[in-house]
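Structural features, examined
What follows is the residue order along each chain.
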Amino acid sequence: MSENKKEIVLSGIRSTGNLHIGNYFGALKKFVAIQDDYDCNFFIADLHALTTNPSPEDLHKNVKTILAEYLAAGLDPEKSTIFIQSDVPEIAEMYLLLNMHVGIGELMRTTSFKDKARKCLGISTTDESDEDIEKQIIGTDTNKRVNAGLLTYPTLMAVDILIQKATKVPVGKDQLQHLELTRRFARRFNSFYGVDLFPEPTDFDWGCAPIKVPGLDGSGKMGKSEGNCIYLADDPKVLRKKVMRAVTDEGPQAPNSAMSEPIANLFCLLELASTPETVAQFRQAYADCSIRYGDLKKQLAEDLLAITVPIRERINDILADDDYLRKVVSRGAERARERAAATLAEVRQVMGIRKF
Ligand code: TRP
């Protein structure tokens, strides 16, 4: 396939802290693997991160951290376009334009918006009805406001995708609704103006079930806000300690008994990090009740370290090399802007924003 015929893949990550091994196994590792076969575009969504009003220092620090971690994990600026969202001002302009075709109602009904609005308002449960939430959003004082950026988050994400005319967008389950909205906005724009400007993007089909990366606290998946994460940048001592403290149970009480969730989760992590032989050996030990969770955890920690230690070393090297980082992002911005500017020019033309 010639260079410009490759399908355009695009994915972004919000810059809100370090990458954990859930991000690594669930996304990054897979991104690294497709760099030769697709026109890959990976970016840091710092404008999206602004929706939660981080301090300027935190915002900048987090962008730099994620960038270094992307690169350390194997994203290759020679193969992929790696850029920072705010380096592409065309995105901001098209966000304004696309918003003219997006309904407040459809944005307010988005699950992620309702969740985030609840968080802003300090409502933790889901027992409050949507109407109650809407009333609170409209009625709240300015301190507890739900900002407009949060509402229009899906517009911005749609623009990220549409401005690059990406067709394959690898995202997690929690982002599928945003992708659906992107498709709807693309169709709506095309049909309103009678053009065929935007292709409709779909989720990237990896050809296998999504990888589940559980946390260390016994239930649920690994997540930044859950406090149950192993970070790529964790010091080996910290990593060992976290794994050794992972929640377990009192051990199998009878041969071939079913696993409780905390134990199934540890096996899940073992499957990701260890060899099939190691996994089989511990499964056997569980089945015949000879398993010692301490041994399982020690093995898991060492096998995870075999993956994270080299990445961690590269993270630290890259973080110390501002020149390199600068080069990567300026080159990425240049490439991303080229396509973005071309799309934006088409959009302006189509909408009637024309030169005299
Ligand atoms: N909303 C995504 C998330 O929270 C990040 C993101 C922003 C994104 N723009 C995107 C992902 C475009 C894919 C494509 O994870």
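In short, a report on the structure. (Residues numbered from 1 in each chain as written. Predicted model: local features only at pLDDT ≥ 70, side-chain atom pairs only at ≥ 80, totals over all residues. Heavy atoms only, no water.)

1. Details of the nonpolar core
Applied cut-off: Definition used in this section: a nonpolar core is a set of buried Ala, Val, Leu, Ile, Met, Phe, Trp, Tyr and Cys residues joined via side-chain atoms within 4.5 Å. Burial classes follow relative accessibility: with a 1.4 Å probe on protein chains only, a residue under 20% of its type's maximum area counts as buried, one over 50% as exposed, and anything between as partly exposed. Numbering of helices and strands runs from the N terminus, with a helix taken as a DSSP run of H or I at least four residues long and a strand as a DSSP run of E at least two residues long. Residues count as neighbours in contact if any of their non-hydrogen atoms are within 4.5 Å of one another.
Core analysis: the largest hydrophobic core is formed by 56 residues, its most contacted members being Ile21, Tyr70 and Leu304. The dominant element in this core, judged by the number of residues it contributes, is helix α14 (residues 293-319), at nine residues. If near-sequence neighbours (up to four positions away) are discounted, Leu304 is found in contact with Ile21, Phe25, Ile230, Leu239, Val243 and Ala273. Residues Leu10, Ala45, Ile133 and Leu162 belong to the second largest nonpolar core, which totals 43 residues.

2. Some points on the packing of aromatic side chains
Defined as follows: Here a Phe, Tyr or Trp ring, Trp counted by its six-membered ring, pairs with any other such ring whose centre lies within 6.5 Å, and the pair is stacked when the planes are under 30 degrees apart, edge-to-face when over 60, and tilted otherwise. A ring has a charge above it when a Lys NZ or an Arg CZ is no more than 6 Å from the ring centre and no more than 35 degrees off the ring normal.
Considering all chains together, one arrives at nine aromatic pairs under this definition. Judged by centre distance (4.6 Å) and plane angle (15°), the ring pair of Phe31 and Phe42 falls under stacked. With Phe31 in helix α1 (residues 21-34) and Phe42 in strand β2 (residues 39-45), this pair connects stretches of sequence that are eleven residues apart. Relative accessible area serves as the criterion here: at 6%, Phe31 is assigned to the buried category. Taking 6.4 Å as the distance between ring centres and 80° as the angle between the ring planes, the aromatic pair formed by Phe267 and Tyr286 counts as edge-to-face. Taken together, the positions of Phe267 in helix α12 (residues 261-273) and Tyr286 in helix α13 (residues 276-287) put the pair 19 residues apart, joining distant regions of the chain. The pair formed by Phe267 and Tyr286 is uniform in burial state, with each residue classed as buried. Taken together, Phe189, Phe192, Tyr193 and Phe198 form an aromatic cluster joined through their ring pairs. Looking at Lys116, its charged tip hangs above the ring of Tyr153, at a distance of 3.8 Å from the centre.

3. Brief notes about the pattern of salt bridges
Rules: The salt bridge criterion pairs a side-chain nitrogen of Lys or Arg with a carboxyl oxygen of Asp or Glu, the two atoms within 4 Å.
As enumerated under the stated definition, the model contains 20 salt bridges in all. Residue Lys64 is joined to Asp322 by a salt bridge in which the shortest nitrogen-to-oxygen separation is 3.0 Å. Residue Lys64 is located in helix α3 (residues 56-72), and its partner Asp322 is located in helix α15 (residues 322-351); the two are separated by 258 residues in the primary sequence. For Lys64, a relative accessible area of 27% gives the class partly exposed. Through salt bridges that share partners, Glu106, Arg184 and Arg188 make up one connected network.

4. Side note on the environment of Cys120
Residue placement: Cys120 occurs in helix α6 (residues 111-121). For the pair Cys120 and Ile137, spaced 17 residues apart in sequence, the C-alpha to C-alpha distance is 9.4 Å. Setting aside residues up to four positions removed in sequence, Cys120 forms contacts with Lys144, Arg145, Val146 and Leu150.

5. Some details on the site of the ligand
Quick reminder of the rule: Nearness is judged by heavy atoms alone; a residue qualifies as near a molecule or strand once a single heavy atom is within 4 Å of it. Distance and chemistry together define a polar contact, namely a pair of N or O atoms within 3.5 Å, with one atom able to donate a hydrogen and the other to accept it when in protein, and with adjacent residues in sequence counting only for side-chain atoms on both sides. Every accessible area reported is derived by Shrake-Rupley at a probe size of 1.4 Å, with residue values counting cover from the shown protein chains alone. Residues were grouped as follows: Ala, Val, Leu, Ile, Met, Phe, Trp, Tyr, Cys and Pro as nonpolar; Asp, Glu, Lys and Arg as charged; and all remaining residues, including Gly, as polar.
Taken together, 14 residues lie near the ligand, and Arg14, Tyr153, Met157, Asp160 and Gln175 sit nearest. In this structure, Arg14 approaches the ligand through a side-chain N or O atom, which is 3.2 Å from an oxygen atom. One of the side-chain nitrogen or oxygen atoms of Tyr153 is found 2.7 Å away from a nitrogen atom of the ligand. In isolation the ligand has 370 Å² of accessible area, and contact with the protein removes 92% of it. Split by residue class, the shell around the ligand holds eight nonpolar, four polar and two charged.

6. Some words on unusual backbone geometry
Here Asn53, not a glycine, exhibits a phi torsion of approximately 50°, which is positive. Within the fold, Asn53 resides in the loop between α2 (46-49) and α3. Residue classification places Asn53 among the exposed positions, given a relative accessible area of 54%.

7. A closer look at α6
For α6, every residue scored as buried is listed here: Ser112, Phe113, Lys114, Ala117, Arg118 and Leu121. On its buried face, α6 is in contact with α5 (104-108), α7 (130-139), α8 (148-151) and α10 (176-193).

8. Remarks on the packing of α3 against α15
Let me state the cut-off plainly: Geometry is summarised by axes, namely lines fitted to C-alpha atoms with helices restricted to the contacting stretch, and by angles between N-to-C directions that run from 0 to 180 degrees. Angle categories: roughly parallel below 35 degrees, roughly antiparallel above 145, roughly perpendicular from 65 to 115, and oblique for all the rest.
Running from N to C, α3 and α15 cross one another at 85°; their axes reach a closest spacing of 11 Å. In terms of axis orientation, α3 runs roughly perpendicular to α15. In contact with Lys64, Leu67 and Leu71 of α3, α15 contributes Asp322, Tyr324, Leu325, Val328 and Val329.

The analysis is restricted to geometry; functional conclusions fall outside its scope.
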